[in-house]
Amino acid sequence: MRQFKPLHLSEVVFSTRDGVIRLKDIDHYYVLGAVCRRCKSIGELDRKALERRYGRDAMPADLSKRLKCRSCQNTRGNIIMVINQWPR
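Our subject in this report is the structure included herewith. On a predicted model such as this, the values are computed, not experimentally measured, just so you know. (Residues numbered from 1 in each chain as written. Predicted model: local features only at pLDDT ≥ 70, side-chain atom pairs only at ≥ 80, totals over all residues. Heavy atoms only, no water.)

## A look at the layout of surface pockets
Phase 1 of the analysis: Of the voids in this model, the largest pocket is the one considered here, and its volume is about 460 Å³.
Phase 2 of the analysis: Ala 34, Leu 45, Leu 67, Lys 68 and Arg 70 are the residues nearest the centre of the largest pocket, which is lined by 21 residues in total.
Phase 3 of the analysis: Elements with a minimum of two residues in the lining of the largest pocket: β1 (30–35), β2 (42–44) and α1 (47–54).
Phase 4 of the analysis: Broken down by element, the lining of the largest pocket gets its largest block of residues, four residues, from α1.
Phase 5 of the analysis: Here the lining of the largest pocket is built from residues that sort into 11 nonpolar, four polar and six charged.
Phase 6 of the analysis: Taken as a whole, the second largest pocket spans an internal volume of roughly 210 Å³. (1 Å grid on protein atoms, 1.4 Å probe; cavity = no way out; pocket = protein on both sides within 12 Å on 5 of 7 lines; lining within 4 Å. Points joined across faces, edges and corners; volume = space filled by probe spheres on them. Helix = DSSP H or I, 4+ residues; strand = E, 2+ residues; numbered from the N terminus. Nonpolar A, V, L, I, M, F, W, Y, C, P; charged D, E, K, R; others polar.)

## Regarding the environment of Pro 6
Phase 1 of the analysis: Relative to the helices and strands, Pro 6 resides in the segment before β1.
Phase 2 of the analysis: Among the residues examined, Pro 6 registers a relative accessible area of 25% and is labelled partly exposed.
Phase 3 of the analysis: C-alpha of Pro 6 to C-alpha of Leu 32: the two residues are 26 residues apart in sequence and 9.3 Å apart in space.
Phase 4 of the analysis: The contacts of Pro 6, once residues within four sequence positions are left out, are Ile 42, Met 81 and Val 82. (Buried < 20%, exposed > 50% of the residue type's maximum accessible area, 1.4 Å probe, protein only. Contact = heavy atoms within 4.5 Å.)

Purely geometric stuff here, so don't read any function into it on its own.
In structure tokens, the structure reads:
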């Protein structure tokens with residue numbers, strides 16, 4: 001199996017009408033994950049749970065401020081990235 005390098009959201013969503021990336025703009029076959037800035041650990045996010053709780057118009061930049069690393073408990077500077085891709 002091929003190793004997937006985490007991608008920034010701007011690398012998979014090329015343009016939006018207002019220039020802001022929202023959950024609904026990211027194709028369903030991308031797997032979202034969170035990357036800790038301190039310890040570099042990567043964890044998968046439940047995309048459907050995020051959409052149910054915050055709505056499809058939620059911005060990943062705002063959601064990343066709510067993240068907490070399970071490994072080192074860091075709450076600062078964590079970011080949401082694409083960590084894998086399902087076959088189309």
